[in-house]
Amino acid sequence: MIDGLKPYPKMKDSGVPWLGKLPAGWEVRKLRGILRRVTKRNRPDLPLLSVVRERGVVRRNATPEDENHNYIPDDLSNYKVVLPGQFAMNKMKAWQGSYGVSQYEGIVSPAYFVFDLAGVEGRFFHVAIRSHAYVPSFAQASDGVRIGQWDLAEPRMREIPFAIPPLPEQAAIVRFLDHADRRIRRYIRAKQKLIKLLEEQKQAIIHRAVTRGLDPNVRLKPSGVEWLGDVPEHWEVRRVLSCLEGTRAGIWGDDPTPANEADHVTCLRVADFDMSRLSIHGSKLTKRAVPASLRNPRLLAAGDILMEKSGGGETEPVGRVVLYDENVAPHAICSNFIVRLRPNATTEPKFLLHVLAIMQVTRRNVPCIKQTTGIQNLDERAYLSLAIGVPPLVEQQAIIASLTNRLRPIDKAASRARREIDLLREYRTRLIADVVTGKLDVREAAARLPDEIEEPEPLDETEAEGDADDAGVGDADEMIEEAET
């Protein structure tokens, strides 16, 4: 993709330290010379648009659920009109790149900024200004008490410098980056499809082990539970609650400050759940302030299971579970959207973890879900009354030991695919930043590209998985065998 790309033959000092040198034919212009603020209202008949970090301006009904919880009033006459080719910005989230050139006609929140563009091609401006070369400048032009509540200072934003190549070169850059982006996204979707296949194979292995055990010749009996079917004759059919020493709801506490430093504690959120490993992510954990009287009874211990009790959605019902690891997050509690389940002495924590995870994946917990405000809430009493098959403790431990060995190559193959996706995203981020700031000359490469049929709007690979049959997806079993070697 980048074979033959070289630096520009003639460079000059941009006069901007973070931009460095630019191609001789490029110019630097402040955003005040590019953006002209416009405000047009009173078009409630137009469709609602959103401005989001990952994709810029999108149709409102196309945004992921977790990006779209803003209240929508009945009267939309005060909403601002956005036309195709105009630049729209969520000024409260400009620091994270929530802006872009619109492809659509619609209306956005009255709190957003809308601009006409001058002297720059819209598609080039969109891809350049959203690159990692420029997003930090918007953070520096924003003010606020804390991240998440920053407000863009428009006068400072207008002083941000922007590198502009000649118009024909802008078109060449867009053509090259579109081609590169399509190829990268296609490969990412292929890897996501592989991961999905591996996860399905993994779930099938787990489901069989925690509902039938390891002995294929074991005598079975009816469990009396529809989703369980027959279970080994010597297993007990018990309620989830009977496997627990107790439960404890989490707490969110207060914002940490120097004044309440003695109360600071790590507070685990659903966002910290690593569902591929049923564990906790070890990075960017949240600190909250919780007094000792409320904190100490909620401190987590080895073997605790954390269950999401509020959240979820249509594609992922509430009830996800992970196992707490004190080495990843020592001295921690969980948030108010999570409940702590502490297995008793007759229960192997990882066995119960896998059973509860299978129940969530197969939607066996859906009858226990209540939804009144757009957020799903798990009825804890009903959930803990659900019946499961429980073997003796020694057999639970043997099942976990067997699963650990059988799942290792699957997890290794999936982990490798995820790492490849991460590397591709890092590569794309760096490539875009280098090209739009003149570090790589793509003019000849763009001229050699074949004409391509216009593709539909690319999937956001962080949210969806697409078909990628032509992109080198191998058979899952073959990938596992390769991982084992």
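For the structure, see preceding data.
Note that the structure is predicted; figures quoted are calculated from it, not measured. (Residues numbered from 1 in each chain as written. Predicted model: local features only at pLDDT ≥ 70, side-chain atom pairs only at ≥ 80, totals over all residues. Heavy atoms only, no water.)

Peer 1: Please clarify how the overall build of the protein should be interpreted in this entry.
Peer 2: Per the secondary structure count, the protein includes ten helices and 30 strands. Within the protein, the proportion of its 485 residues that are buried is 47%. The contacts of the protein with a sequence gap of at least 6 include a subset with a gap of at least 24, amounting to 75%. Put simply, the protein shows about 24600 Å² of open surface, and 50% of that area lies on carbon and sulfur atoms. (Helix = DSSP H or I, 4+ residues; strand = E, 2+ residues; numbered from the N terminus. Buried < 20%, exposed > 50% of the residue type's maximum accessible area, 1.4 Å probe, protein only. Contact = heavy atoms within 4.5 Å. Areas by Shrake-Rupley, 256 points an atom, 1.4 Å probe, with all protein chains shown as cover.)

Peer 1: Teacher, can you tell me more about the packing of aromatic side chains here?
Peer 2: How two aromatic rings sit relative to each other is given by the distance of their centres and the angle of their planes. By the definition in use, this model includes twelve aromatic pairs. For the pair Phe124 and Phe162, a centre-to-centre distance of 6.1 Å together with 70° between the ring planes defines the contact as edge-to-face. In this pair, Phe124 is assigned in helix H1 (residues 122–129) and Phe162 in strand S14 (residues 161–164), connecting sequence segments 38 residues apart. Phe162 shares its class with Phe124; the two are buried. (Phe/Tyr/Trp six-rings, centres within 6.5 Å; stacked < 30°, edge-to-face > 60°.)

Peer 1: Got a minute to help me understand the sheet that holds strand S28 (residues 369–371) in this structure?
Peer 2: Pairing between the strands of a sheet comes from backbone hydrogen bonds, and it takes one of two forms, parallel or antiparallel. The antiparallel open sheet is built from three strands, whose spatial order is S24-S29-S28. Edge strands, defined here as strands with exactly one partner in the open sheet, are strand S24 (310–311) and S28. Examined bridge by bridge, S28 and strand S29 (residues 376–378) share three bridges and lie antiparallel to one another. The partner of Gln371 across the bridge, within S29, is Gln376. (Pairing = 2+ DSSP bridges.)

Peer 1: I keep staring at the state of the cysteines and nothing clicks. Help me out?
Peer 2: Here is the idea: a disulfide is a covalent bond, and it sits between the sulfur atoms of two cysteines. By the definition in use, this model includes zero disulfides. You can see Cys267 has no disulfide; the closest cysteine sulfur is in Cys334, sitting 7.0 Å from it. (Disulfide = S-S within 2.5 Å.)

Peer 1: Looking at this structure, I do not really get the sheet that holds strand S4 (residues 35–37). What am I missing?
Peer 2: Taken in spatial order, the four strands of this open sheet run S4-S11-S8-S9, and their pairing is antiparallel. Single-partner strands in this sheet number two, and they are S4 and strand S9 (99–101). Recorded for the sheet is a direction-independent mean angle of 30° between the axes of neighbouring strands. As paired elements, S4 and strand S11 (residues 113–117) share three bridges and run antiparallel to each other. Pairing of Arg36 across the sheet is with Asp116, part of S11. (Axes fitted to C-alpha atoms, helices over the stretch in contact; angles between N-to-C directions.)

Peer 1: Even after reading the chapter, I still don't get the pattern of salt bridges, so can you show me in this structure?
Peer 2: Opposite charge on two side chains permits pairing when their charged atoms draw close. Applying the stated criterion to the full structure yields 28 salt bridges. Here Asp45 and Arg43 are joined by a salt bridge, their closest N and O atoms 2.9 Å apart. When the shortest N-O distance is used, the salt bridge between Asp441 and Arg443 registers 2.7 Å. (Salt bridge = Lys/Arg side-chain N within 4 Å of Asp/Glu carboxyl O.)

Peer 1: Would you explain the side chain of Ser50 in this entry?
Peer 2: When you line up the elements, Ser50 lands in strand S5 (residues 49–52). A distance of 3.4 Å separates a polar atom in the side chain of Ser50 from a polar atom in the side chain of Arg60. (Polar contact = N/O pair within 3.5 Å; in protein donor to acceptor, adjacent residues only side chain to side chain.)

Peer 1: What is the right way to look at the environment of Arg288 in this model?
Peer 2: Note on placement: Arg288 falls in strand S22 (residues 286–289). It is 6.4 Å that separates the C-alpha atoms of Arg288 and Thr266, two residues lying 22 residues apart in sequence. Contact partners of Arg288, with chain neighbours within four places excluded, come to Trp252, Gly253, Asp254, Asp255, Pro256, Asp263, His264, Val265 and Cys267. One polar contact links the side chain of Arg288 to the main-chain carbonyl oxygen of Gly253, over a distance of 3.0 Å. Looking at Arg288, its side chain comes within polar contact range of the side chain of Asp255, at 2.7 Å.

Peer 1: So what exactly am I meant to see when it comes to the nonpolar core here?
Peer 2: One recurring pattern in soluble globular proteins: nonpolar side chains tend to sit buried together. With 50 residues, the main nonpolar core has Leu341, Leu356, Tyr383, Ile388 and Leu403 as its most contacted residues. At the level of elements, helix H4 (167–212), strand S23 (305–308), strand S25 (321–323), strand S27 (338–343), helix H6 (349–361), helix H7 (380–384), strand S30 (387–390) and helix H8 (393–436) are the ones that each hand at least two residues to this core. The element contributing the most residues to this core is H8, with ten residues. Other than its neighbours up to four places away in sequence, Leu341 contacts Leu244, Gly246, Thr247, Asp304, Ile305, Met307, Leu356 and Leu384. Formed by 47 residues, the second largest nonpolar core is a distinct cluster that contains Leu22, Leu152, Phe162 and Leu431. (Core = buried A, V, L, I, M, F, W, Y, C linked by side-chain atoms within 4.5 Å.)

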